[in-house]
Amino acid sequence: MIVHNHEVVIIGAGMAGLRAALEVSKVGDVAVLTKVYPTRSHSGAAQGGMAAALGNLDGDNWEFHMFDTVKGSDYLGDQDAIEFMCRNAPELMYEVEHMGTPFSRTPEGKIAQRRFGGHTLNFGEKPALRACYSADYTGHVVLHCLYDQCVKNSVRFYSEFQVTYLIVKDGICRGIAAWDIRNGGLHVFNTKAVLFATGGYGRVYRITSNALANTGDGLGLALRAGLPLEDMEFVQFHPTGLYRSGILMTEGARGEGAYLLNKDGERFMKRYAPTLMELAPRDLTSRSIQTEINEGRGVQSPEQQAKGEPGDAVYLDLRHLGREKLKAVLPQIFDIAENFMGIDPAKDPVPIQPTSHYSMGGIPVTIQGRVIRDAQSTEVPGLYAAGECACVSIHGANRLGCNSTLDATFHGRHVGRTIARDLPSLSYHDLPPEAMREAQAEMNWYFDRSSGTENVADIRGELQNTMQKNVAIFREEKALTAQLDIIQNLQRRFKNIHINDRNQRFNTEVMEAYELGNLLNFVETIVVGALEREECRGAHWRTDHPGRNDVEWLKHTLAYREDGKIRLDYKPVVITRFQPKERKY
Amino acid sequence: MERGIGSGGAFAWFFQRISGAVLVLALLLHFWVLHYSNQGEVTFEIVAQRLATPVWKTIDLTFLVLAVIHGFWGFLMIVRDYVHSKNMRLFLVAAVWTVGLVIAVMGALTIIGFHPPLPVAPPEQLGGMVQ
Amino acid sequence: MQYTLRVYRYDPESGQPGRLVDYTVELEKGATVLDALGEIKAHQDGSLVYRRSCRSGICGSCAMKINGFNRLACETQVESLGRKPIHVEPLPGFKPIKDLVVDLEPFWNNLHRTLPWLINPNPPPTDKERPQSPEEFAWLEMPMTCILCASCTSSCPSFWADRTYLGPAALNKAFRYEFDTRDQGFGQRRDTLDNRHGLWRCHTIMNCNDCCPKHIRITEEISWLKRKVVEEKY
């Protein structure tokens, strides 16, 4: 076991991790651990844009942005945090531009902005041009720019390291253990501060826009260390995932004017969101699509047509935008439709279906990014979180498009500043030997599974299929209860998994099993949270409990794992400027 | 790490572009002179007279030098890209240099050393010597 | 449909040289090479190793040599491949680590040598962006889409011969900053570019253009850089 000392260890090299690293590297010794190379992080898959009320093309201002975010969150977002982010978003956007990120431009040479779902002018009057974009490669260019800046600042990277253990003792974070994927072997990092920027967990579902690496590693570790997870029942389904694979087709397509059509060629959104139409927020749009499908107006694939089965897709129609515009402002969408579906989007509509996309919940943190351990906001010294894995909570019950790239970059920077400020008062703590033994024993267990009989991929497949069926867009008690049993059964089966490869070096069979073990560890928090929350709010829609219930449920869920069971606690929502109202678009 | 002519390669690259362009012009000139410049029969006489003029010697010498450098520099690049065995590469680089130098020297001697037979005889006296 | 993949297997710990092993898999219509590898790993041989992440052509992890051509496994539909069995091998030009995984350290090092960040000594304007026209941005649209998958550098014969040659990916990055109107880093990057292991090692073989999954015309960009250096010098 190799022991390293770094003042600050950041886990994850997406937008949040890299932006924080940039900030911390100015004052201290920082190391970034990432299980893929930094530029492979899934922030790069963000396409449409990054929200900031620059008002380059209309009279936008940050208060409209704040209102939209609050309303989009179905009033579950903490308004102090939302105000802090939206107010400072323009300044952050200019900083990102000054660092060298290329942006599409207006004729006057300003950053170009496009429409996005749920972003409006004048508190809901009409769509706002708020999403700053770089064709449809926005996340990609921002991620690469931040990486470039980290290279410039000689940030130390440990690439292809899988974090496996979070060392918290006596309420203090002391470091982490990580597996060196490339060479094999467990490394222990003794730290003053650990920042989790480990991203989301879309891989809980079968149809997802997320990377194969998005297995919510940080969440599993936090839960195992006795910390709670917040608002886990809120999982965003992006309305337009490519049919079957779930690959993202940016909301920017609809921002540029694309239509959603059912099998009769009807723009069905007029029945669900008459004002904003296709630019309604994601929860509403996904539900509308799913309703069309459930009511038999879905588009059939050729196989479904042959078998006479109902269709489970709708069309994203880009044809009227014209080939030239598509190639200019949505080049990636064009390529994806061609490469993965064999469809020319200028000639034919693209079949899409809702795809699991973003986790609104995560590790509870304060506005400053410090991880908290209970409803009284007791902080865990030395532990921080930012980005999708954290829950500030900005996005509440439903995130608006383009707010995640903003959230990750903004809170990445802010938590970096918090750590820089905290560093002088933080110190190294002894690593408890029993924790190190446990971390090593866990890895040894994975390397000693040749006598097991259960197939890892089958367990993973069953988890994803059942979650997709029982805990997706529409939820009800019976399915959720059944899903809890299924998960407990899968957890039992997991104890008997088989792993063939015993090599230490580049053993991705062990890594995939580890990721699955992690998923199985925290996935119950989604189901239990959804089961208990008997109302409809944002992305959480209980068909057996219609309507939002502010009297009982205007509160954040905190889920703990105690004695093998999930225990829930609740935390109040911060409401400042905007009182909860009925949500209509 | 292998060595090449010049410190960086900027000059060599630039030279290849310029020499390439000049060679294209020279080739066009060559074609025109040989095939279209005189309407009548091409005789030894006419060719010999042309080759004897200093202007033409200069043109031909430039043509030769540029072609040899341009062509053999290209060979060296191919060797440097595709031959990975050290010995083989050494051998081929030496071979390219040798052949290039030999061709250049032989060509130069031919061009510079060419004198038409004196005195210039009228074509009919040369009889069947030139067909 | 059933397909046979002939996959390169190499385990450094075994002491044996790499070899090609045939696997037959049942795949749905529209399945990609990455899906096929996933199926092999899930149900036939869990020890098969390859890099992957986004499976949507944006992260750049899964570049490999498929039927003799560098491409992304996640974007390549099995049906579209003519030659059967389908040959799947690691990227050439880099040291193999295990199976389809290669050592990309030289690739990253070369990239970092080009000083891949915006260099501009003048402070930016406060509370607004540095101006840039749509026409000026158009120069960046192609190079900025590079996903650093290493397909290009791995296909370049000049790189095979000279591992200190920057390679097409690093030069694309240099182009991305050099032709950004907001950048003034030419003075600092020039020595790395105007170098026998820099721009001048490119002999316009154009393999990079052919295999780039983002259709970046890298050779053309390198020519622009060469022109910039020559114009500066002569």
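A quick note: this is a predicted structure, and the numbers were derived from the prediction, not measured. For every chain, the first residue of the written sequence is number 1, and numbering continues from 1 onward in sequence order. Chain letters and ligand numbers both follow the written order, the letters beginning at A and the numbers at 1. Predicted model: local features are reported for residues with pLDDT of at least 70 only, side-chain atom pairs are reported and counted for 80 or more only, and whole-chain, interface and lining totals are derived from all residues.

1. Quick notes on the confidence of the model for chain C
Part 1 of the argument: The predictor attaches a confidence to each residue, and that confidence, scored 0 to 100, is pLDDT. Considering every residue of chain C, the mean pLDDT works out to 96; 100% of them sit at 70 or more.
Part 2 of the argument: For this predicted complex, the interface confidence comes out at an ipTM of 0.97, alongside a pTM of 0.95.

2. Quick look at the nonpolar core
Residues and elements named next belong to chain A.
Part 1 of the argument: By convention the nonpolar core is taken to be a set of buried residues drawn from Ala, Val, Leu, Ile, Met, Phe, Trp, Tyr and Cys and joined through C-beta atoms within 7 Å. We call a residue exposed when 12 or fewer other C-beta atoms sit within 10 Å of its C-beta, buried when the count reaches 20 or more, and partly exposed for counts in between; the C-beta positions come from the backbone. Residues I176, L195 and I363 are the most contacted members of the largest nonpolar core, which totals 257 residues.
Part 2 of the argument: The numbering of helices and of strands both runs from the N terminus, where a helix is a DSSP run of H or I of at least 4 residues and a strand a run of E of at least 2. For this core, the leading source of residues is helix α15 (residues 508-532), giving 14 residues.
Part 3 of the argument: In this view, I363 contacts F196, G218, L219, A222, L227, L229, V371, A385, C389, A390 and C391; residues no more than four positions away in its chain are not counted. Note that contacts rest on C-beta atoms placed from the backbone: two residues are in contact if these are within 7 Å.

3. A look at the packing of helix α14 (residues 477-494) of chain A against α15(A)
Residues and elements named next belong to chain A.
Part 1 of the argument: Axes, fitted as lines to C-alpha atoms, cover a helix only where it is in contact. Angles between the N-to-C directions of the axes lie from 0 to 180 degrees. Look at α14 against α15: their axes get within 10 Å of each other, and the N-to-C directions meet at 160°. It follows that α14 is roughly antiparallel to α15 by the angle criterion. Crossing of α14 over α15 shows left-handed handedness. Between α14, through E477, L480, T481, Q483, L484, I487, L490, Q491 and F494, and α15, the contact on the second element is made entirely by L516, G517, L520, V523, E524, V527, A530 and L531.
Part 2 of the argument: Residues are grouped as follows: Ala, Val, Leu, Ile, Met, Phe, Trp, Tyr, Cys and Pro are nonpolar; Asp, Glu, Lys and Arg are charged; all remaining types, including Gly, are polar. For the contact of α14 with α15, the per-class residue count stands at eleven nonpolar, four polar and two charged. The labels follow the angle: roughly parallel below 35 degrees, roughly antiparallel above 145, roughly perpendicular from 65 to 115, and oblique for the rest. Should the near helix be turned counterclockwise from the far one by less than a right angle, the crossing is left-handed, whereas a clockwise turn marks it as right-handed.

4. Quick word on the domain arrangement of chain A
Residues and elements named next belong to chain A.
Part 1 of the argument: Assigned domains of chain A: these are domain 1 (242-353) and domain 2 (433-562).
Part 2 of the argument: Here the bounds of each domain stem from an automatic or database domain assignment. For domain 1 and domain 2, the distance between their C-alpha centres works out to 30 Å.
Part 3 of the argument: The partner domain 2 presents five residues to the four residues of domain 1 that form the contact.
Part 4 of the argument: Class assignment for the residues of the side of domain 1 that touches domain 2 results in no nonpolar, two polar and two charged.

5. Observations concerning the interface of chain A and chain C
Part 1 of the argument: Taken together, the 44 residues of chain A in the interface contact 42 residues of chain C.
Part 2 of the argument: Among the elements that make up the side of chain A that touches chain C, the one with the highest residue count is helix α4 (residues 138-152) of chain A (six residues).
Part 3 of the argument: Broken down by class, the residue content of the side of chain A that touches chain C amounts to 20 nonpolar, 13 polar and eleven charged.

6. A few points about the environment of C:G68
Residues and elements named next belong to chain C.
Part 1 of the argument: Here G68 is to be found in the loop between β3 (63-66) and β4 (69-72).
Part 2 of the argument: Residue G68 is classed as exposed on the basis of its C-beta count, with 9 C-beta atoms lying within 10 Å.
Part 3 of the argument: C-alpha separation for the pair G68 and D183, spaced 115 residues apart in sequence, amounts to 38 Å.

7. Some thoughts on the pairing of strand β8 (residues 172-180) of chain A
Residues and elements named next belong to chain A.
Part 1 of the argument: A large share of β8 lies buried, amounting to seven of its nine residues.
Part 2 of the argument: Here strand β7 (residues 161-169) runs beside β8; their pairing, made up of eight bridges, is antiparallel. Bridge pairing links V168 to C173 in β8.
Part 3 of the argument: Between any two strands, at least two bridges found by DSSP are needed for them to pair. Both β8 and strand β9 (residues 186-196) contribute to a ladder of five bridges, which runs antiparallel. Looking at β9, one finds that A177 is bridged to V188.
Part 4 of the argument: In textbook terms, the turn of a hairpin is the stretch between consecutive antiparallel strands, and for β8 and β9 this stretch comprises five residues, one of which, G184, has a positive phi near 80°.

8. Some points on unusual backbone geometry
Trans is the prevailing form of peptide bonds, just as negative phi is the prevailing case for residues other than glycine.
Part 1 of the argument: Along the chain, A:V392 connects to A:S393 via a cis peptide bond; the corresponding omega equals 5°.
Part 2 of the argument: Relative to the helices and strands, A:S393 is located in the loop between β18 (390-391) and α11 (403-422).
Part 3 of the argument: In this model, C:L115 sits at a positive phi of 50°, which is unusual for a non-glycine residue.
Part 4 of the argument: Mapped onto the elements, C:L115 comes out in the loop between α2 (105-113) and α3 (134-141).
Part 5 of the argument: Look at C:L115 and you get partly exposed, because 18 C-beta atoms sit within 10 Å.

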